[in-house]
Each structure stands twice: as structure tokens, then as C-alpha cells.
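One-letter residues, chain by chain:
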Amino acid sequence: MDIFENSYDGIAFINANGDIRFCNKALYNLLEIEPGQSFNTKDFTHPDDLKIIKQFKALKPKAAEQVTNELRVISAKGNLRYLEINSTAQYDKKGNYAGSRDIIRDITAKKTI
């Protein structure tokens, strides 16, 4: 059984520009988009939460080994979802932010109780 494809959580590899380079079916389902469709984190992140992504990208390598953030997204069908994102930043040889590897969990049910 392939953990990547069978995970209930979204799993994504994101480049420095926020483009989703590779993700599993769970993330497509969470965002309510067709598998294989190209997208960027800015396409779905709630406008008030874009600053969370910017702050993460600005972290120095040691501080960003693994970071957990909560933010909101608006799915392709207009549904507001709350996410918990466990991110591991990736850096190039010069220490510049190059992207991240992320596990994305839908926590909407906990947030809307």
C-alpha cells in the first residue's frame, strides 16, 4: 500500500514560488479541484493568511526545519476550510529558500464546533 496515495492528509512538494510541483489525491480533494490540475498556494489561501506563508519563507534554515501552521483556504467550489500544515523547508546550497515538503490536514470540523 502506498502511503503517499492512500493518506487521508494532503501531501505536497511546493517550490519557492508557491507552485505545487507534486501532490497526492487527498490534496486535490481537499481543494475540490481535478487531479493533475496545476495550482499555486496563492490560488486558494485566504487573503488574510498569505502573511503566514510569507513568514515561513523568511525563516532561517535552522528555524524552519519543521514548522506547523494553521491557515484558511477557499476551495475551488468556494468552501472555507481550516488547515493544519506541517512544513519542512528546503534550501539551496546558498541557504536560500527553495520550497517545502508539506503534510496538510483538514481541521475544519475542529475549528467550526
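These lines cover the structure that appears in this document, whether it is placed above or below. Small disclaimer: the values here were computed from a predicted structure and weren't measured.

Here is what the cut-offs are and how they apply
Residues numbered from 1 in each chain as written. Predicted model: local features only at pLDDT ≥ 70, side-chain atom pairs only at ≥ 80, totals over all residues. Heavy atoms only, no water. Helix = DSSP H or I, 4+ residues; strand = E, 2+ residues; numbered from the N terminus. Rg over C-alpha atoms; globule rule 2.2 N^0.38 Å. Buried < 20%, exposed > 50% of the residue type's maximum accessible area, 1.4 Å probe, protein only. Contact = heavy atoms within 4.5 Å. Areas by Shrake-Rupley, 256 points an atom, 1.4 Å probe, with all protein chains shown as cover. Lys, Arg positive; Asp, Glu negative; His and termini not counted. Charge placed at Lys NZ, Arg CZ, Asp CG, Glu CD. Pairing = 2+ DSSP bridges. Axes fitted to C-alpha atoms, helices over the stretch in contact; angles between N-to-C directions.

With that settled, the discussion passes to the overall build of the protein chain. Summing up its helical and strand segments, the protein chain has five helices and five strands in all. Along its sequence from the N terminus, the protein chain presents helices and strands in the succession α-β-β-α-α-α-β-β-β-α. Here the C-alpha atoms of the protein chain give a radius of gyration of 14 Å, agreeing with the 13 Å that 2.2 N^0.38 yields for 113 residues. Along the three orthogonal principal directions, the C-alpha set of the protein chain runs to about 40 × 35 × 25 Å. With 113 residues in all, the protein chain has 40% of them scored as buried. Once local pairs closer than 6 in sequence are excluded, the contacts in the protein chain between residues at least 24 apart make up 40%. Carbon and sulfur atoms form 51% of the exposed surface of the protein chain, whose accessible area is close to 7,300 Å². Taking the 17 positively charged and 15 negatively charged side chains of the protein chain as two groups, their mean positions are separated by 6 Å.

As a further point, take the sheet that holds strand β4 (residues 80–91). Here we have five strands laid out as an open sheet, ordered β2-β1-β5-β4-β3, and antiparallel in their pairing. Each end of this open sheet is capped by a strand with a single partner; those strands are β2 (20–23) and β3 (67–74). Here the strands of the sheet are splayed against their neighbours by 30° on average, with no regard to which way each runs. Note: β3 against β4, eight bridges, orientation antiparallel. Among the inter-strand pairings, Val-67 is bridged to a residue of β4, identified as Ser-87. Docked against the sheet, helix α4 (residues 50–58) engages β3, β4 and β5 (97–106), running at close to 150° with respect to β3.

Another aspect to go through is unusual backbone geometry. Of note, the phi angle at Glu-32 is positive, near 60°, even though the residue is not glycine. For Glu-32, the position within the fold is in the loop between α2 (25–31) and α3 (41–44). By relative accessible area, which is 21% here, Glu-32 ends up partly exposed.

This next bit is on the pairing of β4. Across a regular strand the side chains alternate sides, sitting on one face of the sheet and then on the other. Connecting β3 to the next strand, β4, in antiparallel fashion are five residues, including Gly-78 with a positive phi near 90°. Two elements, β4 and β5, share nine bridges in a ladder whose sense is antiparallel. Within β5, the residue paired with Thr-88 across the bridge is Arg-101. Connecting β4 to the next strand, β5, in antiparallel fashion are five residues, including Gly-95 with a positive phi near 85°.

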